[in-house]
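Residues per chain are reported as follows:
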Amino acid sequence: MNDGILATIVSILTGVGTWFAARRKNLADVQSSELENVEKAVKFYREQLEDIAKRWREATEEANKMNGLYRQALKDLSQLEDRFNNLANENRALIEELKKYKQLNGKTVTT
């Protein structure tokens, strides 16, 4: 009977010891797994952030380029307006000269 009780007690102690050791190992595995998951998440979000930053830089560069083209177009438009006004003034002056020339030649000018 003592052998049976002793075997039972040894089995229980062995089971408790195994459970305790396995519990510590399982907790360590869980913490390790959580740490790996956090590292993966950090890596994922860092890559996403770097991608967003890259796209933001590209968009900013594109916007600056478009802004420069817009300013150049406004400058060109202003120059074309000035040239148009100069040509219109020159055209008016030539029309006046033509009217004077026609009047000198005896033709009547009607406006």
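Okay, so let's go over this structure. (Residues numbered from 1 in each chain as written. Predicted model: local features only at pLDDT ≥ 70, side-chain atom pairs only at ≥ 80, totals over all residues. Heavy atoms only, no water.)

**Description of the overall build of the protein chain**
(1) Moving on: Within the protein chain one finds 1 helix and 0 strands.
(2) Moving on: For a compact globule of 111 residues, the expected C-alpha radius of gyration is about 13 Å, and the protein chain comes in at 46 Å, more than 25% above that figure.
(3) Moving on: Referenced to the eigenvectors of the C-alpha coordinate spread, the extents of the protein chain come out at roughly 155 × 20 × 10 Å.
(4) Moving on: Across the 111 residues that make up the protein chain, the buried fraction comes to 0%.
(5) Moving on: Of the roughly 10,600 Å² of accessible surface on the protein chain, a fraction of 59% belongs to carbon and sulfur atoms.
(6) Moving on: Here the protein chain contributes 18 positively and 17 negatively charged side chains, and the mean placements of these two sets differ by 8 Å. (Helix = DSSP H or I, 4+ residues; strand = E, 2+ residues; numbered from the N terminus. Rg over C-alpha atoms; globule rule 2.2 N^0.38 Å. Buried < 20%, exposed > 50% of the residue type's maximum accessible area, 1.4 Å probe, protein only. Areas by Shrake-Rupley, 256 points an atom, 1.4 Å probe, with all protein chains shown as cover. Lys, Arg positive; Asp, Glu negative; His and termini not counted. Charge placed at Lys NZ, Arg CZ, Asp CG, Glu CD.)

**Digging into the pattern of salt bridges**
Opposite charge on two side chains permits pairing when their charged atoms draw close.
(1) Moving on: What the rule picks out here adds up to 3 salt bridges.
(2) Moving on: The salt bridge partner of aspartate 29 is lysine 25, with a shortest N-O separation of 3.0 Å. Placement of both aspartate 29 and lysine 25 in helix H1 (residues 2-104) is noted, with a separation of 4 residues, approximately one turn of the helix.
(3) Moving on: Of the residues examined, aspartate 29 reaches a relative accessible area of 38% and is grouped as partly exposed.
(4) Moving on: A salt bridge links glutamate 96 to lysine 99, with the shortest nitrogen-to-oxygen separation between them at 3.9 Å. Taken as a pair, glutamate 96 and lysine 99 lie in helix H1 at a separation of 3 residues, close to a single helical turn.
(5) Moving on: A relative accessible area of 42% places glutamate 96 in the partly exposed class.
(6) Moving on: You can call lysine 99 partly exposed: its relative accessible area is 24%. (Salt bridge = Lys/Arg side-chain N within 4 Å of Asp/Glu carboxyl O.)

**Overview of the environment of leucine 49**
(1) Moving on: Among the secondary structure elements, leucine 49 is positioned in helix H1.
(2) Moving on: On a C-alpha basis, the gap between leucine 49 and alanine 93 in space is 65 Å, while along the polypeptide they are 44 residues apart.

**Observations concerning a nonpolar patch on the surface**
(1) Moving on: Together, Ile5, Ile9 and Leu13 line one region of the surface with nonpolar side chains, adding up to about 290 Å² of accessible area.
(2) Moving on: Relative to the assigned elements, leucine 13 resides in helix H1.
(3) Moving on: Residue leucine 13 is classed as exposed on the basis of its relative accessible area, which comes to 58%. (Patch = residues over 30% accessible without salt bridge, like charges linked within 9 Å, V, L, I, M, F, W, Y side chains within 5 Å.)

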